[in-house]
Amino acid sequence: MSLSDAEWTAVRLSLRVATVAMLSSLPVALLVAIALARGRFWGKSALNGLVHMPLILPPVVTGFVLLLLFGRRGPIGAFLAEHLGLVFSFRWTGAALACAVMGFPLMVRSIRLSIETVDRKLEHAAATLGASPGWVFLTVTLPLILPGIVAGMILSFAKAMGEFGATITFVSNIPGETQTISAAIYTFTQVPGGDAGAMRLTIISIIVSMAALMLSEVLAAAAARRTVAA
Amino acid sequence: MRLEVEARHRIGSFTIDAAFGSEGGVTALFGRSGSGKTSLVNIIAGLLRADTGRIVLDGDVIADSARGVFAPVHRRRFGYVFQEARLFPHLSVRRNLAYGRWFAGASESASEFGRIVEMLGIGHLLDRRPSTLSGGERQRVAVGRALLASPRLLLMDEPLAALDEARKAEILPYLERLRDETRIPIVYVSHSVAEVARLADRVVVLDDGRVKAAGDVSAVLSQPAATLAIDRREAGALIDGTVEDQDKLHELTLVRAGSCIIRVPHLVAQPGQNLRLYIAARDVMLATRRPEAISALNVLEGTISDLSPMQQGSVDVRVNCGGNIIVARITTLSREALGLEAGKSVHAIIKTIALDY
């Protein structure tokens, strides 16, 4: 089984888009997860709903909303293009943004659950030993939720590898720029004789997704073991 | 060393309104569960912020609601040993022990580490994970971790409550060494009279969030059970003794109190060490003649000093045995059958096993 250049480009682009989407959403997801797990503030359930939106909305709707907000003439898109030179529409960065948004609820859920299982008594114990709140987070909370964070990252990565609807709506299907594996498979199925290419990319897609899910399971189990207070 | 605590705090319908002082040594906060002991200790530690109150240690105002002073937990340097050990599961025993040292600054030397590890007998556990330790080992590591943070005050919230009898007997000697070998004042929460009798210098009796009695341990614990706010079941007498000898073969410790020798289970202390015993009244039998062929090891001869009025079919008989007052709870039927009255000489019989902790 050997891939054509165009297919390789799609695989490489998918990996790059998924990696960037995963890494750039991590800091935001961590903060939101902490706020949802520990915070008590007005509008918490609204934030929770907003975070979960991409999970429930049809991906096409999410893609269209992104187009409205982050497109060239969208309020956020225009601002970023003008001040930071960051353009999303019809670029691979846009694909990464769409994937980050779609994977965001999965990452937040995973991190939030691991924060909720951390025994706060351990954090109190650390404080009585002289650790300030910042140090307590770095030396106790963070190590204990690390497996949850990694599991969330893997889920987000896997989601990004499979993203199709929001991406194609937001940044279209441009070979070499926004044509990820999913988009490439879709294109193959639309032309006569494209079945072999679609099959090759399908197998790669299955392997990557399966590996990510299994790794996530292992890490989630490790997280459960480590956060049991002794 | 002088610690002053004053706190008023409402938790739902429960109110804590307590004040006490300590001049160092071990101060026991004593009372039945739900009397507010743990909340009071959490207020001292800073884990709970009292509605109003003051905490002063050696003239250093730690918290004062009137002046809006409240030092956060991590700046107080009050060691805290919790009921459950609360060791960090992701760190080895060695790194658990070193955790607080780092925040306390480099003042703690390596020899201090070795000394505390040796005192608690945890040297062989250093490279283990907390999840592989027994309950008793975990609690010893937790004590070491608190000590190595060089605390100004050590708070202990029923550190033995979650352990079985054998583990308690294993840890108590270490706590006694801690009391005798370090100069750190200790506030020790307990609902066990025996534990308080053995460890504390002073007792503060809490009942329903209020201080019911406070003072020297022997003075407070010899008061009637009603004053102590303890179960009538737990009433008894306190004996001050010195370890005379150890019977290594039978794992017994011989304690001299006045002219009596009392045998206590386990090798709990070295000869010459002072040991306070609490003998519950329900564990003491009385006989008018010296019993023979009996398994109980402690048969003390004495004279009845007085009898309490009857309560629920039983009386408490106070017997003076060689300068010690021992209380025996017997039924009124037994009192009549044996014709017990003040001035009569009797033998008080105490099973050694009943003196286990």
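Residues numbered from 1 in each chain as written. Chains lettered and ligands numbered in written order. Predicted model: local features only at pLDDT ≥ 70, side-chain atom pairs only at ≥ 80, totals over all residues.

This part is about the sheet that holds strand S16 (residues 284–287) of chain B. All names here are of chain B. With antiparallel pairing, the 5 strands of this open sheet are ordered in space as S16-S20-S17-S18-S19. The outermost strands of the open sheet, each flanked by one partner alone, are S16 and strand S19 (324–331). Mean inter-strand twist for the sheet, computed between neighbouring axes without regard to direction, equals 45°. Bridge count between strand S17 (residues 298–307) and strand S18 (residues 314–321): 4 bridges; the pairing is antiparallel. Within S18, the position partnered with Asp 306 by the bridge is Arg 318. (Pairing = 2+ DSSP bridges. Helix = DSSP H or I, 4+ residues; strand = E, 2+ residues; numbered from the N terminus. Axes fitted to C-alpha atoms, helices over the stretch in contact; angles between N-to-C directions.)

Residue and element names in this part refer to chain B. Assigned domains of chain B: these are domain 1 (3–236) and domain 2 (237–355). Each of domain 1 and domain 2 has a C-alpha centre, and the two are 31 Å apart. Taken together, the contact pairs 15 residues of domain 1 with 15 residues of domain 2. Listing elements by their share of the side of domain 1 that touches domain 2, those giving two or more residues are helix H6 (165–181), helix H7 (193–199) and helix H8 (217–221). In the side of domain 1 that touches domain 2, the residues fall into 8 nonpolar, 3 polar and 4 charged. (Domains from an automatic or database assignment. Contact = placed C-beta atoms within 7 Å. Nonpolar A, V, L, I, M, F, W, Y, C, P; charged D, E, K, R; others polar.)

Our focus in this paragraph is the sheet that holds strand S13 (residues 252–257) of chain B. Residues and elements named next belong to chain B. The strand order across the open sheet built from 4 strands is S14-S13-S12-S15, with neighbouring strands paired in antiparallel fashion. On the outer flanks of this sheet lie strand S14 (260–265) and strand S15 (274–280), each paired with one strand and no other. Shown here is a sheet whose adjacent strand axes are inclined to one another by a mean of 45°, direction ignored. Note: S13 against S14, 6 bridges, orientation antiparallel. Across the sheet, Val 255 pairs through a bridge with Ile 262, a residue of S14.

Turning our attention to unusual backbone geometry. The residue Ser 172 of chain A is not glycine, and still its phi comes out positive at about 65°. Looking at where Ser 172 of chain A falls in the secondary structure, it is placed in the loop between helix H8 (165–171) and helix H9 (181–190). One non-glycine residue with positive phi stands out, namely Asp 58 of chain B, at about 50°. Since 11 C-beta atoms lie within 10 Å of it, Asp 58 of chain B is described here as exposed. (Buried ≥ 20, exposed ≤ 12 C-beta atoms within 10 Å, placed from the backbone.)

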